[in-house]
Amino acid sequence: FATQTCFQGRYGEELDSDQFGSQIMFHAAEMGTREVHGRLENVEVTWAGQAFRLGRYPIHFHMNGDVSGSYVKGCAIHHTFNRAVTVHGVDNLLVENNVAYDNMGHAFFLEDGIEENNIFRGNLAIFTKTSSSLLNVDVTPASFWIVNPVNTFENNVAAGSTHFGFWFNMPGHPGGPSATNTVCPRNKGMLKFSGNEAHSCGRYGIWVWEHWNPKGDGSCGATEPKMTTLENFHGWHNLRGVEVEEGSGIEMKNFVL
């Protein structure tokens, strides 16, 4: 049987050259109905994801709203063609103690900017590498791509990314199928960013670009500047440890660079 498998046996070379792999998607027929619960634990996912195909990711929670009780834990996601774990239009997902290795494009990926109260804890991303078959920003990928700060990133490690470890890129409003003018990620403060580490990244351990200026209660109408905190970060052997290119009110506490 091993010689007949289309994943790593007889047809393995063809699959590798085509960059067309499997995908795991959790997607409800209707948003916000809590119809979908996904629990992945200690699963190996490899030769997965599909290059040149948006939405075809190795592990993908897609447009479900609240998925409380769902999780991706202890999984190995390696040699993939389109990211590692994508959280798209989803709240309250736990992504914990996973290893992502040799992934094309952003590895742990928040998509539209509407996603909140998700927890990324204890994950290791190694060799996140550039891709010219996904979005423009995947040419310079980050191991952790953050487009809404109302999430928890705790004790994660980015190692050997071709470009960035943690990239904060807040849109003015969420885009894609989550598009709305009532939510303003650029105005929101960080829920929790603590104990993370980035080393041996080709560019920066942390990059804040573009426009992160927390204000008041984080609503679109807020105008009063407000401090937000990133803490207990360790960065070493990166081209630069941290760069804030367009941002204000960001406190960096107990950083070692």
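Refer to the preceding data block for the structure.
Residues numbered from 1 in each chain as written. Predicted model: local features only at pLDDT ≥ 70, side-chain atom pairs only at ≥ 80, totals over all residues. Heavy atoms only, no water.

**Focus: the pairing of strand E13 (residues 142–146)**
Phase 1 of the analysis: Here E13 lies mainly inside the structure; five of its five residues are buried.
Phase 2 of the analysis: Where strand E10 (residues 108–110) and E13 come together, two bridges link them in parallel fashion. Across the sheet, the residue bridging to Phe108 is Phe144, located in E13.
Phase 3 of the analysis: With four bridges joining them, E13 and strand E16 (residues 164–168) adopt parallel strand pairing. When the bridges of E16 are listed, Ile146 appears paired with Phe168. (Buried < 20%, exposed > 50% of the residue type's maximum accessible area, 1.4 Å probe, protein only. Helix = DSSP H or I, 4+ residues; strand = E, 2+ residues; numbered from the N terminus. Pairing = 2+ DSSP bridges.)

**A short note on the side chain of Glu243**
Phase 1 of the analysis: The residue Glu243 is located in strand E22 (residues 240–244) in this model.
Phase 2 of the analysis: Setting aside chain neighbours within four positions, we find Glu243 in contact with Tyr204, Ile206, Trp207 and Val208. (Contact = heavy atoms within 4.5 Å.)

**Observations concerning the sheet that holds strand E15 (residues 157–159)**
Phase 1 of the analysis: With parallel pairing, seven strands are arranged side by side in an open sheet as E3-E6-E9-E12-E15-E18-E21. If you trace the sheet from one side to the other, it starts and ends with strand E3 (44–46) and strand E21 (234–236), each paired once. Each strand of the sheet is rotated relative to its neighbour by a mean of 10°, with strand direction disregarded. (Axes fitted to C-alpha atoms, helices over the stretch in contact; angles between N-to-C directions.)

**As for the sheet that holds strand E4 (residues 59–66)**
Phase 1 of the analysis: Read across the open sheet, the eight strands follow the order E1-E4-E7-E10-E13-E16-E19-E22; overall the sheet is parallel. The open sheet terminates on both sides in strands that have one partner only, identified here as strand E1 (24–27) and E22. Adjacent strand axes in the sheet meet at a mean angle of 10°, parallel and antiparallel pairs treated alike.

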